[in-house]
Amino acid sequence: MDSKPQHEGNNSLSDLAPAATHLPMLKPALSLFVILALILGLGYPLLMTGVAQVTMSDKANGSLIEYNGQLVGSSLIGQRFDQPEYLWTRPSAAGDGYDATQSSGSNLGPLNPDLATSVETQVQRLKAADPVNTAPIPLDLVTMSGSGLDPHISLAAAQWQVNRVARERGISTAQVQQTIDNNTEGRQFGVFGEPRVNVLAVNLALDEIDIVK
């Protein structure tokens, strides 16, 4: 009498070739990968780009500023101004200064002697440009922002420079102050932060006054 189990000789799952067990799961996985890649890697970015171009094209393209047909900068990125007839912005530790590809702060702690040296250097630079100005120098004119690319300065920092800019350009302080007022941005949503002055916008407006003059 044959006492062997009836199932003997039948292939168990462990005896099946690996391809036979994995293939049914591989096909839906690949299909899902392709679908998600098309939706999230192509469809969604194109949709967001289209919405941004329609609703806020200026911001979507970098808030670029043109002057007399030439690209002169972005309202979102600070740049160096050394001439005394312009408003000066904050010092920058981004690369060699205001390098948008190397955004960074100085990362100097309050007890680091290099910070004191840097601040003193900026103080002397400002005093040399306007030796008759004895008012206290606002802090943001001698310290670096966390990004090194801040395009704004405080109202106090802009007003500290009014007399120098007016004197160098041969215009009235009222004209300079009005230009600053026209390019002052209020608090975010009317609540957060403080009013701030866009340096590039003011300097371009000052150049327009010189043309009219």
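Residues numbered from 1 in each chain as written. Predicted model: local features only at pLDDT ≥ 70, side-chain atom pairs only at ≥ 80, totals over all residues. Heavy atoms only, no water.

**Q** Help me understand the overall build of the protein in this model?
**A** Along its length, the protein carries six helices and five strands. When the elements of the protein are put in sequence order from the N terminus, they spell out α-β-β-α-β-α-α-α-β-β-α. Here the protein holds 213 residues, and the buried ones make up 28% of them. Contacts spanning at least 24 positions in sequence make up 58% of the contacts within the protein whose residues lie at least 6 apart. Only carbon and sulfur atoms are counted for the fraction: they give 60% of the accessible area of the protein, which is about 13900 Å². (Helix = DSSP H or I, 4+ residues; strand = E, 2+ residues; numbered from the N terminus. Buried < 20%, exposed > 50% of the residue type's maximum accessible area, 1.4 Å probe, protein only. Contact = heavy atoms within 4.5 Å. Areas by Shrake-Rupley, 256 points an atom, 1.4 Å probe, with all protein chains shown as cover.)

**Q** How should a nonpolar patch on the surface be read in this particular structure?
**A** Side chains of Leu32, Ile35, Leu36, Ile39, Leu40, Tyr44, Leu47, Met48 and Val51 sit close together on the surface and give an oily, nonpolar patch of about 850 Å² of accessible area. Tracing the chain through its elements places Leu32 in helix H1 (residues 18-60). (Patch = residues over 30% accessible without salt bridge, like charges linked within 9 Å, V, L, I, M, F, W, Y side chains within 5 Å. Salt bridge = Lys/Arg side-chain N within 4 Å of Asp/Glu carboxyl O.)

**Q** Just checking my understanding: could you explain helix H2 (residues 113-129) for this structure?
**A** The end-to-end C-alpha distance of H2 is 25 Å, a good match for the 24 Å that 17 residues give at a rise of 1.5 Å each. If you check which residues of H2 are buried, you get Ser118, Gln122, Val123, Leu126 and Ala129. Buried residues along H2 cover an arc of 135 degrees about the axis, so they all sit on one side. Those residues of H2 that are exposed and angled more than 90 degrees off the buried face are Pro113, Ala116 and Ala128. Buried residues along H2 sit in contact with helix H3 (155-160) and helix H4 (162-169). (Expected span 1.5 Å × (residues − 1). Arc of directions from axis to C-beta.)

**Q** Can you help me understand the layout of surface pockets in this one?
**A** Remark: the empty space left among the atoms is shown by a probe the size of a water molecule rolled over them. Considered as a void within the structure, the largest pocket measures approximately 150 Å³ in volume. Taken together, 15 residues line the largest pocket, and the ones lying closest to its centre are Arg80, Pro91, Ser92, Tyr98 and Gln122. Each residue belonging to the lining of the largest pocket can be placed in one class, and the counts come to six nonpolar, four polar and five charged. (1 Å grid on protein atoms, 1.4 Å probe; cavity = no way out; pocket = protein on both sides within 12 Å on 5 of 7 lines; lining within 4 Å. Points joined across faces, edges and corners; volume = space filled by probe spheres on them. Nonpolar A, V, L, I, M, F, W, Y, C, P; charged D, E, K, R; others polar.)

**Q** When you look at the pattern of salt bridges in this model, what are you seeing that I'm missing?
**A** Any two side chains of opposite charge can pair, on the condition that their charged atoms come close. The final tally for this structure, using the stated rule, is six salt bridges. Put simply, Arg125 and Asp82 hold a salt bridge, and the shortest N to O gap is 2.9 Å. Separated by 43 residues along the polypeptide, Arg125 in helix H2 and Asp82 in the loop between strand S2 (70-74) and H2 bring together distant segments of the chain. Look at Asp82 and you get partly exposed, because its relative accessible area is 43%.

**Q** Help me understand the packing of aromatic side chains in this model?
**A** The geometry of two aromatic rings is summed up by the distance between their centres and the angle between their planes. A full pass over the atoms with the stated rule returns two aromatic pairs. Considering the side-chain rings of Phe81 and Tyr86, the 5.5 Å spacing of their centres and the 45 degrees angle between planes classify their relative orientation as tilted. Both residues of the pair, Phe81 and Tyr86, belong to the buried class. On the numbers, 6.5 Å between centres and 85 degrees between planes, the contact of Phe189 with Phe192 is edge-to-face. Directly above the ring of Trp88 sits Arg125, whose terminal nitrogen or CZ lies 4.1 Å from the centroid. Between the NZ or CZ atom of Arg169 and the centre of the ring of Tyr86, over which it lies, the distance is 4.8 Å. (Phe/Tyr/Trp six-rings, centres within 6.5 Å; stacked < 30°, edge-to-face > 60°. Lys NZ or Arg CZ within 6 Å of the ring centre and 35° of its normal.)

**Q** Even after reading the chapter, I still don't get the environment of Pro131, so can you show me in this structure?
**A** Relative to the assigned elements, Pro131 resides in the loop between H2 and strand S3 (152-154). Pro131 sits 33 residues away from Arg164 along the chain, and the two C-alpha atoms are 9.4 Å apart.

**Q** How should empty space enclosed by the protein be read in this particular structure?
**A** Evaluated as defined, the whole model comprises one cavity of 30 Å³ or more. Quantified by volume, the largest cavity comes out at close to 40 Å³. If you trace the largest cavity, you find it lined by Ile77, Gly78, Gln79, Phe81, Thr89, Pro151, Val199 and Leu200. Class assignment for the residues of the lining of the largest cavity results in five nonpolar, three polar and no charged.

**Q** Just checking my understanding: could you explain the side chain of Asp207 for this structure?
**A** Counting through the fold element by element, Asp207 comes out in helix H6 (residues 199-212). For Asp207, a relative accessible area of 17% gives the class buried. A polar side-chain atom of Asp207 sits 3.0 Å from a polar atom in the side chain of Arg169. The contact partners of Asp207, leaving out residues within four places of it in the chain, are Tyr67, Tyr86 and Arg169. (Polar contact = N/O pair within 3.5 Å; in protein donor to acceptor, adjacent residues only side chain to side chain.)

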